[in-house]
Amino acid sequence: MAKKILIIDDDPNIVTYLEDIFQDNGYATCKATDGADAMDVVRSERPDLITLDLEMPKEWGPRFYRALTQDEEFSHIPVIVISGLAGNKYAIPKAVASFTKPFDRDELLKVVKETIG
Amino acid sequence: MFKKILFATSGSPCCDAAARVAFDMAVRYNAELFVFHVLGVPSRGFSHVVVDVRTGEKVELDADYIAWVQEELKNTYERQLRSGARCTIEAVVGLPHREILRKARQEDVDIIVMGASTTGCEGDSEAYPKHFAGSTLQQVAKASKAPVLVVNRPAASFWGGFSTIVFGADFSRASEYAFQFALKTARELGAKLYVFHAVDIESQHGLISQQEIDDRMLEARDRIRRKYLLQAKGYKDVSADVWEGIPYVEIVKYARERQADLIVMAHHSRVTSDGALGRTLEQVLLRASCPVVSVNRPDKVVDND
């Protein structure tokens, strides 16, 4: 069964781009357009990995990450930060990796493969 | 809670993180935001020239230049201005800290938002590793009646609102005001409040026995209970912790572990002759991964509304 990646980003172009990259490489995807809705998607979809934007209209990425890590059932899910903000690698110190937009798709895929196979 | 916010900015990239927080607070808490820039006079006396923030060159001061600076500020914060914040932009001439304090008094703002320092921000950041808060912040934090919220690192600006607050307790008089601010903020925003104290084992000469550390930690816990937790009666989402170590390191670590989005501290624990920021607060606000509020006076903290 294909590993599932949850894409959390408010930019529909980025979501589509990431969906294409991941689906072309054999992963299943699901999405949330804001941190506020993302926990519901985590509960319903049970992803194996999450890509997380930082700045979103209602709830920012670090706030979602805090909620995720405070839920024992989902706190183990690896997170990759993908954001346009400078200094984003310090936003979530326990993230598997941080990428600044525009990012290298091969680098991203390499990290995803290393993390969930 | 935050009805009027004064965002004091140099207009340089050093203030970008503070801008992100200031505009987000204005939208999130429906506050009136004053974006305020001071064109510094380069000497103590009157002058017809100012130093341009971007070029570092001396510029003849006239109404056109001030209008141009205001226009530049609008361009700088163009994206944030589209967020829908109720905002006015103003540029004035003078000594920065004096004008910021004057504006804060004039508008009776609830909080001042600033970056930590402009020095070393552009180009030469390696030469100036920013281990010190800037003089404008020092002066504003010392004299301001309103709490001063400082955002130094970009990572401190990625939270979007306050729902987990760490109060760094030091048992001083100013710390009482800081606690009242932290508690009031937690109550109004429904946030978790962690009261934290770090027993200082850094300034001891030689090795300190574990029994002494344990005794000091027990004493600190008791003081926290009597001084702060009793005040918080009726508010359930409050808890306390005491760790030992170098205070500023422990506070930053504790806030990181709790994934705090706001740290509140007193301006200083001891009255110093120059009224400078306490060393612990200075280092916390430079290093924290969330905004840090310095509280020095009771005026805007004690409930009067």
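A quick note: this is a predicted structure, and the numbers were derived from the prediction, not measured. (Residues numbered from 1 in each chain as written. Chains lettered and ligands numbered in written order. Predicted model: local features only at pLDDT ≥ 70, side-chain atom pairs only at ≥ 80, totals over all residues. Heavy atoms only, no water.)

1. Topic: the overall build of chain A
Cut-off, in case you're wondering: Runs of H or I in DSSP of at least four residues are treated as helices and runs of E of at least two as strands, each being numbered from the N terminus. In this setup the radius of gyration rests on C-alpha atoms only. A globule is expected at 2.2 Å times the number of residues raised to 0.38. For the exposure calls, accessible area comes from a 1.4 Å probe over protein chains only, and a residue counts as buried if that area is under 20% of its type's maximum, exposed if over 50%, partly exposed in between. Contact criterion: two residues are considered in contact whenever any of their non-hydrogen atoms come within 4.5 Å of each other. Accessibility throughout is a Shrake-Rupley quantity obtained with a 1.4 Å probe, and a residue counts as covered only by protein chains that appear here. We treat Lys and Arg as the positive residues and Asp and Glu as the negative residues; His and chain ends play no part in the count. Each charge is placed at NZ for Lys, CZ for Arg, CG for Asp and CD for Glu.
If you tally the helices and strands in chain A, you get four helices and five strands. Relative to a compact globule of 117 residues, whose C-alpha radius of gyration would be 13 Å, chain A shows 13 Å and is just as compact. Each principal axis of the C-alpha atoms in chain A carries an extent, and together these give about 35 × 30 × 25 Å. When each of the 117 residues of chain A is scored for burial, the buried share is 50%. Within chain A, contacts between residues separated by at least 24 positions form 63% of all contacts whose residues are at least 6 apart in sequence. Carbon together with sulfur atoms contributes 47% to the accessible area of chain A, which is approximately 5600 Å² in total. For chain A, the centre of its 14 positive side-chain charges and the centre of its 21 negative side-chain charges are spaced 4 Å apart.

2. Here's the deal with helix α1 (residues 12-24) of chain A
Residue and element names in this part refer to chain A. Spelled out, the test is: The span one expects for a helix is its residue count, reduced by one, times 1.5 Å. As used here, the arc is the angular range of directions from the helix axis to the C-beta atoms.
End to end, α1 covers 18 Å across 13 residues, agreeing with the expected 18 Å (1.5 Å per residue, within 8%). Turning to α1, its buried residues are Ile 14, Val 15, Leu 18, Glu 19, Ile 21 and Phe 22. Within α1, the buried residues cover an arc of 165° as seen down the axis, which keeps them to one side. Exposed side chains of α1 directed beyond 90 degrees from the buried face belong to Pro 12, Asn 13 and Asp 24.

3. A few points about the nonpolar core
Residues and elements named next belong to chain B. The criterion, for reference: Among the buried residues, those of types Ala, Val, Leu, Ile, Met, Phe, Trp, Tyr and Cys that are joined through side-chain atoms within 4.5 Å form a nonpolar core. By convention here, the domain bounds are inherited from an automatic or database domain assignment.
In this structure, Phe 7, Met 25, Leu 149, Phe 167 and Val 264 are the most contacted members of the largest nonpolar core, which totals 63 residues. Taken domain by domain, this core gets at least three of its residues from each of domain 1 (4-156) and domain 2 (162-295). When residues no more than four places from it in sequence are discounted, the contact partners of Val 264 are Ile 165, Val 166, Phe 167, Gly 168, Ala 178, Phe 181, Ala 182, Val 293 and Val 295.

4. A closer look at the sheet that holds strand β4 (residues 79-83) of chain A
To summarise the sheet geometry, strands pair through backbone hydrogen bonds and adopt either a parallel or an antiparallel arrangement. All names here are of chain A. Put simply, the rule is: When DSSP finds at least two bridges between two strands, those strands are taken to pair. Working convention: axes come from line fits to C-alpha atoms, limited for helices to the stretch in contact. Angles between N-to-C directions cover 0 to 180 degrees.
Taking strand neighbours across the sheet as the criterion, the five strands line up as β2-β1-β3-β4-β5 in an open arrangement whose pairing is parallel. A single partner strand is all that each edge strand has here, and the edge strands are β2 (28-32) and β5 (97-100). Direction aside, neighbouring strands of the sheet carry axes that sit 20° apart on average. Sitting on the sheet, helix α3 (residues 61-69) touches β1 (4-8), β3 (49-52) and β4, and the angle it makes with β3 is about 155°.

5. Looking at unusual backbone geometry
With glycine set apart, most residues show a phi of negative sign, and most peptide bonds adopt trans. With omega at -5°, the peptide bond leading from Lys 101 of chain A into Pro 102 of chain A counts as cis. The phi angle at Phe 171 of chain B is positive, at roughly 70°, despite the residue not being glycine. Given a relative accessible area of 11%, Phe 171 of chain B falls into the buried group.

6. Let's talk about the interface of chain B and chain A
Interface size, as often reported, equals the accessible area lost upon joining of the parts. Note the cut-off: Note: buried area is the sum, over both parts, of the accessible area (probe 1.4 Å) each one loses when the two are combined. What makes a salt bridge here is a side-chain nitrogen of Lys or Arg within 4 Å of a carboxyl oxygen of Asp or Glu, nothing more.
Contact with chain B, which involves 22 residues of that partner, is made by 18 residues of chain A. For the pair chain B and chain A, the summed buried area comes to about 1400 Å², and 46% of that belongs to carbon and sulfur atoms. If you sort the residues of chain B by the area they bury against chain A, Phe 158, Trp 159 and Gln 259 of chain B come out on top, with a joint share of 43%. Applying the counting criterion to the chain B and chain A interface returns three salt bridges.

7. With respect to the state of the cysteines
One covalent bond between the sulfur atoms of two cysteine residues makes up a disulfide. Residue and element names in this part refer to chain B. Defined as follows: We call a pair of cysteine sulfur atoms a disulfide when they lie within 2.5 Å.
On inspection of all chains with the given rule, the structure shows zero disulfides over all chains. The closest cysteine sulfur to the non-disulfide-bonded Cys 15 is located on Cys 14, 6.4 Å from its own sulfur. Between Cys 290, a cysteine without a disulfide, and Cys 15, which holds the nearest cysteine sulfur, the sulfur-to-sulfur distance is 18 Å.

8. With respect to the domain arrangement of chain B
Residue and element names in this part refer to chain B. Cut-off, in case you're wondering: Here a polar contact is recorded for every N or O atom pair within 3.5 Å, except that within protein the pair must consist of a potential hydrogen donor and a potential acceptor, and residues adjacent in sequence are included only if both atoms are side-chain atoms. Note that Gly is not counted as nonpolar here; it falls among the polar residues with everything else outside the nonpolar set of Ala, Val, Leu, Ile, Met, Phe, Trp, Tyr, Cys and Pro and the charged set of Asp, Glu, Lys and Arg.
When cut into domains, chain B gives domain 1 (4-156) and domain 2 (162-295). Contact residues are listed per partner, giving 22 residues for domain 1 and 22 residues for domain 2. Taken over both partners, the interface formed by domain 1 and domain 2 buries close to 1700 Å², and the fraction arising from carbon and sulfur atoms is 59%. At the boundary of domain 1 with domain 2, the tally comes to zero salt bridges. At the junction of domain 1 with domain 2, the criterion picks out seven residue pairs in polar contact (both at pLDDT 80 or more). Per-element accounting of the side of domain 1 that touches domain 2 gives the leading share, four residues, to helix α5 (residues 135-143). Counted by class, the side of domain 1 that touches domain 2 contains 16 nonpolar, three polar and three charged residues.

9. A short note on the packing of aromatic side chains
The condition that has to hold: Pairing of aromatic rings covers Phe, Tyr and Trp, the last through its six-membered ring, and needs centres within 6.5 Å; plane angles under 30 degrees mean stacked, over 60 mean edge-to-face, and all others mean tilted.
Enumeration according to the criterion identifies 18 aromatic pairs over all chains in this entry. Between Phe 22 of chain A and Tyr 27 of chain A the ring centres are 6.4 Å apart and the planes differ by 90°, which places this aromatic pair in the edge-to-face class. The pair formed by Phe 22 of chain A and Tyr 27 of chain A is uniform in burial state, with each residue classed as buried. With centroids separated by 5.6 Å and ring planes inclined at 50°, the aromatic side chains of Phe 2 of chain B and Tyr 29 of chain B adopt a geometry described as tilted. Taken as a pair, Phe 2 of chain B in the segment before β1 (4-8) and Tyr 29 of chain B in the loop between α1 (16-28) and β2 (32-40) lie far apart in primary sequence, 27 residues in all.

10. Observations concerning the pattern of salt bridges
One pass over the full model with this rule turns up 20 salt bridges over all chains. Glu 45 of chain A is the salt-bridge partner of Lys 4 of chain A, the closest N and O atoms lying 2.7 Å from each other. A residue pair is termed long-range when its members are at least 10 positions apart, and Lys 4 of chain A in strand β1 and Glu 45 of chain A in helix α2 (residues 35-45) qualify at 41 residues. Using a relative accessible area of 30% as the deciding quantity, one classes Glu 45 of chain A as partly exposed. A salt bridge links Arg 28 of chain B to Asp 24 of chain B, with the nearest nitrogen and oxygen atoms 2.9 Å apart. Here the residue Arg 28 of chain B and the residue Asp 24 of chain B both occupy positions in helix α1, the gap between them amounting to four residues, near one helical turn. With relative accessibility at 31%, the residue Arg 28 of chain B sits in the partly exposed group. Here the residues in one salt-bridge network are Asp 9, Asp 53 and Lys 101 of chain A, joined through shared partners.

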